[in-house]
Amino acid sequence: GRFEPRLADLRAVDLSATYDLVCGAPPFMPLGTGVLPQHPLRAAGRFEIRGGVEVYAEAVARTLAAEGRGVLLMDGRSGERTRAALVAVDLEVLQEQVVSPRPGAPPTYRIFIVTRAREGGGTLEAWAMRDSLGMAWSSRYAELRRSLEV
């Protein structure tokens, strides 16, 4: 009763409403940077066939309510490009979470929490999914997994 999910590609849907929460994982691989999957949904989910993060940022800005939040799950290498795309459409990054497979490893993911409302700058948080040996979940990731259990 607290939410009603709307599953859609924000870039392709003309939504006249705005939403308090917009979540997504836009495709983040430019064409030509990897092997394009044969399955069309997998290809479109990974590769920028219909535009990259810039087009997705425009869609988030268009559908996000004035006080709403947007959450984007991006590739770990996409930080600078994603921040630039969000700023270009006047979204403020409230938080950027850099997620690595283990401490000291390059990031696998970046999670951006954005808003249209001006709230005074964002924070950067870095954490790892596994411990330094890669053998066990980190305490932060284990806590996250527990919070998602039903």
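As the structure is a prediction and not an experimental result, all values here were calculated from the model.

**Quick word on the nonpolar core**
Working step 1: Ranked by size, the top nonpolar core spans 17 residues in total, and within it Leu10, Val60, Leu72, Leu86, Leu91, Phe112 and Val114 carry the most contacts.
Working step 2: In terms of residue count, the dominant contributor to this core is helix H2 (residues 53-63) (six residues).
Working step 3: If you look at the next biggest cluster of nonpolar residues, it comprises five residues, including Val99, Trp127, Met129 and Tyr141.

**As for helix H3 (residues 79-88)**
Working step 1: Of the residues making up H3, those classed as buried are Gly79, Thr82, Ala85 and Leu86. All buried residues of H3 lie within an arc of 135 degrees about the axis, which places them on one face of the element. In this structure, H3 carries Glu80, Val87 and Ala88 as exposed residues pointing more than 90 degrees from its buried face.
Working step 2: Elements in contact with the buried residues of H3: H2, strand S2 (64-75), strand S3 (92-100) and strand S4 (109-115).
Working step 3: Following H3 by one or two positions, Asp90 has its phi on the positive side, about 65 degrees.

**Description of the pattern of salt bridges**
Working step 1: Taken as a whole and assessed by the stated rule, the structure comprises six salt bridges.
Working step 2: Of the charged contacts, one joins Glu48 and Arg81 as a salt bridge, the two residues approaching to 2.8 Å between their closest N and O atoms. Residue Glu48 is located in the loop between helix H1 (40-46) and H2, and its partner Arg81 is located in helix H3; the two are separated by 33 residues in the primary sequence.
Working step 3: Overall, the relative accessible area of 13% leaves Glu48 in the buried class.
Working step 4: A salt bridge links Asp75 to Arg77; the nearest nitrogen and oxygen atoms lie 2.7 Å apart.
Working step 5: By relative accessible area, which is 70% here, Arg77 ends up exposed.
Working step 6: Beyond isolated ion pairs, a larger network of salt bridges with shared partners links Glu48, Glu54 and Arg81.

**Re the packing of H2 against H3**
Working step 1: Between H2 and H3, the least distance of the axes is 9 Å, while the angle of their chain directions is 40 degrees. Between H2 and H3 the crossing geometry is right-handed. Counted together, Val53, Glu54 and Ala57 of H2 and Arg81, Thr82, Ala85 and Leu86 of H3 form the full contact between these two elements.
Working step 2: Taken together, the residues of the contact of H2 with H3 sort by class into four nonpolar, one polar and two charged.

**Looking at the packing of aromatic side chains**
Working step 1: Applying the stated criterion across every chain yields a total of two aromatic pairs.
Working step 2: On the basis of an interplanar angle of 25 degrees and a centroid distance of 6.1 Å, the ring pair of Trp127 and Tyr141 is categorised as stacked. Taken as a pair, Trp127 in strand S5 (residues 123-128) and Tyr141 in helix H4 (residues 139-148) lie far apart in primary sequence, 14 residues in all. Pair check on accessibility: Trp127 and Tyr141 agree, each one buried.
Working step 3: Ring centres 4.7 Å apart and planes at 55 degrees place the aromatic pair Trp137 and Tyr141 in the tilted group.
Working step 4: The rings of Trp127, Trp137 and Tyr141 are connected pair by pair, giving a single aromatic cluster.
Working step 5: When the ring centre of Trp137 is taken as origin, the NZ or CZ atom of Arg130, which lies over that ring, is 4.1 Å away.
Working step 6: Over the aromatic face of Trp127 sits the side chain of Arg140, whose NZ or CZ is 4.7 Å from the ring centroid.

**Examining the sheet that holds S3**
Working step 1: The sheet built from five strands is open, its strands ordered S1-S2-S4-S3-S5 with mixed pairing. In the strand order of this sheet, the two ends are held by strand S1 (19-24) and S5, each with one partner. Within this sheet the neighbouring strands show an average axis-to-axis angle of 10 degrees, counted without direction.
Working step 2: Taken together, the six bridges between S2 and S4 define a ladder with antiparallel strand orientation. Bridged to Val71 within S4 is Ile113.
Working step 3: The strands touched by H2 are S1, S2 and S4; relative to S2, the strand with the most contacts, the crossing angle is about 155 degrees.

The rules behind the values
- Residues numbered from 1 in each chain as written.
- Predicted model: local features only at pLDDT ≥ 70, side-chain atom pairs only at ≥ 80, totals over all residues.
- Heavy atoms only, no water.
- Core = buried A, V, L, I, M, F, W, Y, C linked by side-chain atoms within 4.5 Å.
- Buried < 20%, exposed > 50% of the residue type's maximum accessible area, 1.4 Å probe, protein only.
- Helix = DSSP H or I, 4+ residues; strand = E, 2+ residues; numbered from the N terminus.
- Arc of directions from axis to C-beta.
- Contact = heavy atoms within 4.5 Å.
- Salt bridge = Lys/Arg side-chain N within 4 Å of Asp/Glu carboxyl O.
- Axes fitted to C-alpha atoms, helices over the stretch in contact; angles between N-to-C directions.
- Left-handed = near helix turned anticlockwise from the far one by under 90°.
- Nonpolar A, V, L, I, M, F, W, Y, C, P; charged D, E, K, R; others polar.
- Phe/Tyr/Trp six-rings, centres within 6.5 Å; stacked < 30°, edge-to-face > 60°.
- Lys NZ or Arg CZ within 6 Å of the ring centre and 35° of its normal.
- Pairing = 2+ DSSP bridges.

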